[in-house]
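Working through the structure, step by step
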Amino acid sequence: MPHLIVEYSSNLANYPEAETLTALNAAVCASPEVKDEADLKTRFVRTSAFEIGTAPANRAFVHAELRLLSGRTPEAKADLAERVAAVLRRLTPRPAGLLVQLSVDVVDMDRPSYIKERL
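All of these numbers come straight from a predicted model, not from anything done at the bench.

The number of helices and strands found in the protein chain is two helices and four strands. Taken from the N to the C terminus, the helices and strands of the protein chain come in the order β-α-β-β-α-β. Principal axes of the C-alpha set define a box for the protein chain whose edges measure 45 × 30 × 25 Å. Taken over 119 residues, the protein chain has a buried fraction of 39%. The contacts in the protein chain between residues at least 6 apart in sequence include a share of 82% that link residues at least 24 apart. Working note: accessible area of the protein chain is about 6900 Å², and carbon and sulfur atoms make up 52% of it.

For N14, which is not a glycine, the phi torsion comes out positive at approximately 60 degrees. As for its placement among the helices and strands, N14 is situated in the loop between β1 (3-9) and α1 (17-29).

Core analysis: the largest hydrophobic core is formed by 25 residues, its most contacted members being L4, V6, L24 and L88. Elements supplying a minimum of two residues to this core: β1, α1, β3 (59-69) and α2 (74-91). If one sorts the elements of this core by residue count, α2 sits on top with six residues. Discounting chain neighbours no more than four positions away, the residues touching L4 are L24, V28, L40, K41, T42, R43, A64, E65, L66 and V84.

Take the packing of α1 against α2 next. The geometry of α1 relative to α2 is characterised by a closest axis approach of 9 Å and an angle of 155 degrees between their N-to-C directions. One element, α1, and the other, α2, form an angle in the roughly antiparallel class. The handedness of the crossing between α1 and α2 is right-handed. Along the contact surface, α1 presents E19, T20, A23, L24, A27 and V28, while α2 presents L80, R83, V84, V87, L88, R90 and L91. When the residues that make up the contact of α1 with α2 are grouped by side-chain class, the tally is nine nonpolar, one polar and three charged.

With that out of the way, let us pick up the side chain of T20. Of note, T20 is situated in helix α1. Once residues within four sequence positions are removed from consideration, T20 is found in contact with Y15, F44, V87, L88 and L91.

Taken as a whole and judged by the stated rule, the model has six salt bridges. Between R72 and E33 there is a salt bridge, with its nearest N and O atoms 2.7 Å apart. You can see R72 sitting in the loop between β3 and α2 and its partner E33 sitting in the loop between α1 and β2 (41-47), a full 39 residues away along the chain. According to the relative accessible area criterion, R72 is buried, its value standing at 14%. Look at E33 and you get partly exposed, because its relative accessible area is 24%. Here K116 and D39 are joined by a salt bridge, their closest N and O atoms 2.4 Å apart. Note that K116 is positioned in the segment after β4 (99-109) and D39 in the loop between α1 and β2, a separation of 77 residues in sequence. Note on D39: relative accessible area 14%, which makes it buried.

Conventions adopted
Residues numbered from 1 in each chain as written. Predicted model: local features only at pLDDT ≥ 70, side-chain atom pairs only at ≥ 80, totals over all residues. Heavy atoms only, no water. Helix = DSSP H or I, 4+ residues; strand = E, 2+ residues; numbered from the N terminus. Buried < 20%, exposed > 50% of the residue type's maximum accessible area, 1.4 Å probe, protein only. Contact = heavy atoms within 4.5 Å. Areas by Shrake-Rupley, 256 points an atom, 1.4 Å probe, with all protein chains shown as cover. Core = buried A, V, L, I, M, F, W, Y, C linked by side-chain atoms within 4.5 Å. Axes fitted to C-alpha atoms, helices over the stretch in contact; angles between N-to-C directions. Parallel < 35°, antiparallel > 145°, perpendicular 65-115°, else oblique. Left-handed = near helix turned anticlockwise from the far one by under 90°. Nonpolar A, V, L, I, M, F, W, Y, C, P; charged D, E, K, R; others polar. Salt bridge = Lys/Arg side-chain N within 4 Å of Asp/Glu carboxyl O.

None of the figures reported here should be taken as evidence of function without further support.
Here's what the structure looks like:
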């Protein structure tokens, strides 16, 4: 915990994944909600099969899901969501003629059923 999964549409060519991973980890780990930086697992998933709506338009998306153990306040979750969104706003490519939708969701993981081990 936490897990940060960033999905993006494949029509966002040359997405700066490495730079964005570094910036996301720094932003999230700067939160007082993250006690040990080694707990954060961040990854990108490039999606090649996707549709956005029904209109034949040039559209793209970036969606981040931050999964946290339950128990955080709404304010803490909003702060973390904004930290992630700020990095994605800054580093997401904006190709001409392409509408890019950005979203961030913070999801509670069930504490009693979450298992994590360091082997």
